[in-house]
Amino acid sequence: MDKPLVNIYDSVGLGIIIEFPTGVMISNQTGGTACLHPKMEGIYLPLANDYTDAGKEFLSPEIELTEYFTGTKYNGSGATGGIDLADAERINSIIRKYRLNNLIEIDLNRLSESHEAWIRIQVQEEKDFELLKEFKNYPLNGILTWGNSD
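The sections below set out a description of the structure shown in this document.

Rules of the game
Residues numbered from 1 in each chain as written. Predicted model: local features only at pLDDT ≥ 70, side-chain atom pairs only at ≥ 80, totals over all residues. Heavy atoms only, no water. Helix = DSSP H or I, 4+ residues; strand = E, 2+ residues; numbered from the N terminus. Rg over C-alpha atoms; globule rule 2.2 N^0.38 Å. Buried < 20%, exposed > 50% of the residue type's maximum accessible area, 1.4 Å probe, protein only. Contact = heavy atoms within 4.5 Å. Lys, Arg positive; Asp, Glu negative; His and termini not counted. Charge placed at Lys NZ, Arg CZ, Asp CG, Glu CD. Salt bridge = Lys/Arg side-chain N within 4 Å of Asp/Glu carboxyl O. Arc of directions from axis to C-beta. Polar contact = N/O pair within 3.5 Å; in protein donor to acceptor, adjacent residues only side chain to side chain. Core = buried A, V, L, I, M, F, W, Y, C linked by side-chain atoms within 4.5 Å.

Scanning the protein from terminus to terminus reveals two helices and nine strands. Listing each helix as α and each strand as β along the protein from the N terminus yields β-β-β-β-β-β-α-α-β-β-β. The C-alpha atoms of the protein give a radius of gyration of 15 Å, which matches the 15 Å a tight globule of 150 residues would have. Projected onto its principal axes, the C-alpha coordinates of the protein cover approximately 40 × 40 × 30 Å. Here the protein holds 150 residues, and the buried ones make up 45% of them. A fraction of 57% describes how many contacts in the protein between residues 6 or more apart in sequence connect residues 24 or more apart. Of note, the protein has its 13 positive side-chain charges centred 3 Å away from the centre of its 23 negative side-chain charges.

In total, this model carries 10 salt bridges according to the counting rule given. For the salt bridge of Lys3 with Glu41, the shortest nitrogen-to-oxygen distance reads 2.7 Å. Taken as a pair, Lys3 in the segment before strand 1 (5-7) and Glu41 in strand 4 (residues 39-46) lie far apart in primary sequence, 38 residues in all. Here Glu64 and Arg90 are joined by a salt bridge, their closest N and O atoms 3.8 Å apart. Of this pair, Glu64 sits in helix 1 (residues 61-69) while Arg90 sits in helix 2 (residues 85-97), and the two are 26 residues apart along the sequence. A relative accessible area of 14% means that Glu64 is categorised as buried. Looking at Arg90, the relative accessible area reads 32%, which means it is partly exposed. Put simply, Glu64, Arg90 and Lys97 are held in one network by salt bridges that share partners.

Moving on, we get to unusual backbone geometry. Put simply, Tyr138 and Pro139 share a cis peptide bond, and its omega is -5°. Turning to its location among the elements, Pro139 is positioned in the loop between strand 8 (119-123) and strand 9 (140-145). The phi dihedral of Asn137 falls on the positive side, at around 60°, and the residue is not glycine. Among the structural elements, Asn137 can be located in the loop between strand 8 and strand 9.

Residues lying three or four places apart along an α-helix face the same way, a consequence of the helix completing one turn every 3.6 residues. Every buried residue of helix 1 is accounted for by Pro61, Glu62, Glu64, Leu65, Tyr68 and Phe69. Across the axial projection of helix 1, the buried residues extend over an arc of 165°, all falling on one side. Measuring from the side-chain oxygen of the N-cap residue of helix 1 to the backbone nitrogen of Glu62 gives 3.0 Å; that N-cap residue is Ser60.

Further remarks concern the side chain of Asn148. Relative to the elements of secondary structure, Asn148 occurs in the segment after strand 9. Asn148 sits in the buried class, given a relative accessible area of 16%. Side-chain polar atoms of Asn148 contact the backbone nitrogen of Gly31, separated by 3.4 Å. Setting aside anything within four residues of it in sequence, one finds Asn148 in contact with Gln29, Thr30, Gly31, Gly32, Cys35, Glu116 and Ala117.

A word on the nonpolar core. The biggest cluster of nonpolar side chains holds 30 residues, and the ones touching the most others in it are Ile16, Phe69, Ile91, Ile104, Ile119 and Leu144. At the level of secondary structure, the elements contributing two or more residues to this core comprise strand 2 (15-19), helix 1, helix 2, strand 7 (104-106), strand 8 and strand 9. In terms of residue count, helix 2 provides more of this core than any other element does, four residues in total. In this view, Phe69 contacts Tyr74, Asn75, Gly76, Ala79, Ile83, Ile91, Glu116, Ile119 and Trp146; residues no more than four positions away in its chain are not counted. Formed by six residues, the second largest nonpolar core is a distinct cluster that contains Ile8, Ile17, Ile26 and Met40.

See the structure below:
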């Protein structure tokens, strides 16, 4: 029997999918113009998305990540052949800017499995992070994901 599937391609902003035996598959449209639809069994958690009251301006790492993958290196092609160490460092700098670096680490052993809006990560135990409690066996495998640039 197929597992239920939740498509998050209408969500806005950055999120992580924590690989976990929920019985539910999570999928997003990724890979720039390749419009891939990878999926993972787990839990989806939006992270670091906000807006300003005064100007109703959207604030999210998604903006910088999208700009990077639509920039001169990939031009929206989606990095479907995998990302490299320079990409990982740029993504890490964005993660640090939003103070997520104690929680999220790019899985450097799985760069070839990563592409635009689908970055293999490890979720670290962060005792001050109130959104995740009672998980065991850190680090947890997961995906860093956001809206596709197609």
